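Structure assessment
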Amino acid sequence: MSDASDARLTDRRNFIRFLAASPVMTPTAVRTLVGSLTLGSTSALAQSYDVLRAPAQAVGDVIAAPEQALNVMDFEPAAKKALPPAHYGYLASGVDGDETLRANHEAFSKIRIRTRRLIDVRKIDTSVTIFGQTYATPIMLAPVSSQGAFHPEAETAVAKAAKVKGNGMILSTVGSTSIEDVTEARGAPVWYMLYPTDDWTVTEALVKRAEAAGAPAIVLTVDRQGGRNTETLFRLRRDDTRNCKDCHAGGFANEVSRKPMFDDLDVSKVTNLYGTGMTWDYVDRLRKIVKGKLVLKGIVTHEDAEEALKHGVDAIIVSNHGGRAEESLYPTIEALPEVVKAVNGKIPVLVDGGFRRGTDVIKALAMGATAVCIGRPYCWGLAAFGEPGVAAVLAIMQREFDTIMKQVGALRIADITPDMVSVG
Ligand SMILES: Cc1cc2nc3c(=O)[nH]c(=O)nc-3n(C[C@H](O)[C@H](O)[C@H](O)COP(=O)(O)O)c2cc1C
Ligand SMILES: CCCCC(=O)C(=O)O
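Note that the structure is a prediction, hence the values are computed from the model and not measured. (Residues numbered from 1 in each chain as written. Chains lettered and ligands numbered in written order. Predicted model: local features only at pLDDT ≥ 70, side-chain atom pairs only at ≥ 80, totals over all residues. Heavy atoms only, no water.)

**A short note on the pairing of strand E9 (residues 315–318)**
Side-chain alternation along E9 places Ala315 and Ile317 on one buried face and Ile316 and Val318 on a second face that is also buried. In this region the chain leaves strand E8 (residues 293–299), passes through helix H14 (residues 302–310) and returns to the parallel neighbour E9; the handedness of that crossover is right-handed. Chirality of the crossover, the property in question, places the unit of E9, helix H15 (residues 332–343) and strand E10 (residues 349–352) among those that are right-handed. (Buried < 20%, exposed > 50% of the residue type's maximum accessible area, 1.4 Å probe, protein only. Helix = DSSP H or I, 4+ residues; strand = E, 2+ residues; numbered from the N terminus. Right-handed = clockwise from strand over helix to strand, strands pointing away.)

Written as structure tokens, this is what we have:
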């Protein structure tokens, strides 16, 4: 507190930030002290959850406002409370017994962080540049379908929050919002995740539309070819009397055609979205029509990473679909090193699956990832509180990431190096 004479601290907001950052001040102590100050109303400040936190929740409590969350996991019970069981089940579930879903996150506990000391970390820069575009943070938003099932504002609310926080965003083919509307809400182009369809005319039209909307990258998802056993989803939704009848009325073609990206397209010949017969020839064919960058999402082995390089792919997202592809029991953070090694710096490698903490993010970057994507966490925020919920999730992860950047002594992303983690 010896800095209290610093001119910056005469500003009320900075002063409270200063108090909140102090290791000796608990949130309650800050609030008590602020309440006793005569510098004016505290209401504006009370809205700034990163300064004045609401009382900490006991484990198991359901938060009633974004400000009450202490970490992003706090949003999941609130999402569960807000959603019909079928929609929550869709978001929450993996495949088989959800073991891969759990393993993705649990694997981070096996990786320790090595920290350096005595580095001036008052100013850090967390920005990353991918495909010539600079983002304020390496935390991107993974494509998640049908976000209208989580909140009426769906991808628009997500894009608005991403705009404020500077996160890159990937829109799903089966999103509830068109790429034009999402781009407008994000205030910048978004990447477009492509489910290939088995009708090339439709696929080509989707790519053209995404590129016309400015998408710098087409992200082909390749990890859903064999189908999946969504057992836990069925359990979670079995008691839902609404049972999503409206959502799924009219069969597959009708379902697809209700998604805005399929507006004006004849989908009568589309029988599947996941490219069950797809091979590397399909990647070549797509490579020829994609004018911008082509990204493969769902690669988890060095063999496929090497193949991707041969086929002119511009980036890889190491992903097992958040434990929704196969029950491989192979966490993506453990698959990342072999892909990074195979790629050898030639193209960016992104990774997703189980990222819930700022420390998870720094571990992936230290292991060679260019950026990471999160899926469920921002959807929990969306489901529970709409745009402010998404904004809070992004802010919490960023705050945690800033903290660990400083603790390891990294001033910029390039300072995050392999020696900062110890595995095994
Ligand atoms: C409800 C839900 C829908 C998803 N929809 C898509 C999709 O349309 N396309 C896709 O490539 N991945 C999809 N994913 C996978 C995510 O892009 C991402 O790989 C995964 O959620 C990351 O794991 P996390 O949820 O643990 O962060 C979906 C995931 C969830 C949970
Ligand atoms: C037809 C929607 C599939 C979306 C998806 O990829 C998922 O639920 O994981």
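**Let's talk about the site of ligand 1**
The environment of ligand 1 is formed by 24 residues, the closest being Pro143, Ser172, Thr221, Asp352 and Arg356. Note that an oxygen atom of ligand 1 is positioned 2.7 Å from one of the side-chain N or O atoms of arginine 356. Here arginine 376 contributes a side-chain N or O atom positioned 2.9 Å from an oxygen atom of ligand 1. When ligand 1 is considered free in solution it has 610 Å² of accessible area, and contact with the protein chains removes 99% of it. More than half of the atoms belonging to ligand 1 lie within 2 Å of the grid points that define the second largest pocket. The residue makeup of the shell around ligand 1, split by class, is 10 nonpolar, nine polar and five charged. (Near = heavy atom within 4 Å. Polar contact = N/O pair within 3.5 Å; in protein donor to acceptor, adjacent residues only side chain to side chain. Areas by Shrake-Rupley, 256 points an atom, 1.4 Å probe, with all protein chains shown as cover. 1 Å grid on protein atoms, 1.4 Å probe; cavity = no way out; pocket = protein on both sides within 12 Å on 5 of 7 lines; lining within 4 Å. Sits in = over half its atoms within 2 Å of the grid points. Nonpolar A, V, L, I, M, F, W, Y, C, P; charged D, E, K, R; others polar.)

**Comments concerning the pairing of strand E7 (residues 217–221)**
Consecutive side chains of a regular strand alternate in pointing toward one face of the sheet and then the other. Burial analysis of E7 places five of its five residues in the buried class, which makes it a mostly covered element. Alternating residues of E7 divide into Ala217, Val219 and Thr221 and Ile218 and Leu220, and every residue in both groups is buried. Note that strand E6 (residues 191–194) and E7 share three bridges and pair parallel. Opposite methionine 193, over in E7, you have valine 219 as the bridge partner. For E7 and E8, the ladder comprises five bridges, and the chain directions are parallel. By the bridge assignment for E8, leucine 220 is matched with leucine 296. (Pairing = 2+ DSSP bridges.)

**Digging into the pattern of salt bridges**
Opposite charge on two side chains makes pairing possible when the charged atoms of those side chains draw close. Inspection of the entire model under this criterion finds eight salt bridges. Put simply, glutamate 307 and lysine 310 hold a salt bridge, and the shortest N to O gap is 3.6 Å. Remark: lysine 310 and glutamate 307 occur in helix H14; sequence separation between them is three residues, near one turn of the helix. We classify glutamate 307 as partly exposed; its relative accessible area is 24%. Between aspartate 415 and arginine 412 there is a salt bridge; the shortest N-O distance is 3.2 Å. (Salt bridge = Lys/Arg side-chain N within 4 Å of Asp/Glu carboxyl O.)

**Digging into the site of ligand 2**
The full set of residues close to ligand 2 is Tyr90, Ser145, Val174, Tyr195, Arg224, Arg228, Tyr274, His321 and Arg324. Within the contact set of ligand 2, an oxygen atom lies 2.9 Å away from a side-chain nitrogen or oxygen of arginine 228. At 2.8 Å, a side-chain N or O of histidine 321 approaches an oxygen atom of ligand 2. At a threshold of 2 Å from the grid points, most atoms of ligand 2 map onto the second largest pocket. Across the shell around ligand 2, the residue classes tally to four nonpolar, two polar and three charged.

**Notes on the UniProt feature "active site" (unreviewed entry) in the chain**
The positions UniProt marks with the feature "active site" (unreviewed entry) are His321. Structurally, the position occupied by histidine 321 is in the loop between E9 and H15. Aside from chain neighbours lying at most four places away, what touches histidine 321 is Tyr195, Thr221, Asp223, Arg224, Arg228 and Lys297. In terms of polar contacts, histidine 321 uses its side chain to reach the side chain of tyrosine 195, at 3.4 Å. (UniProt positions renumbered as here; feature names shortened; annotations may be inferred. Contact = heavy atoms within 4.5 Å.)

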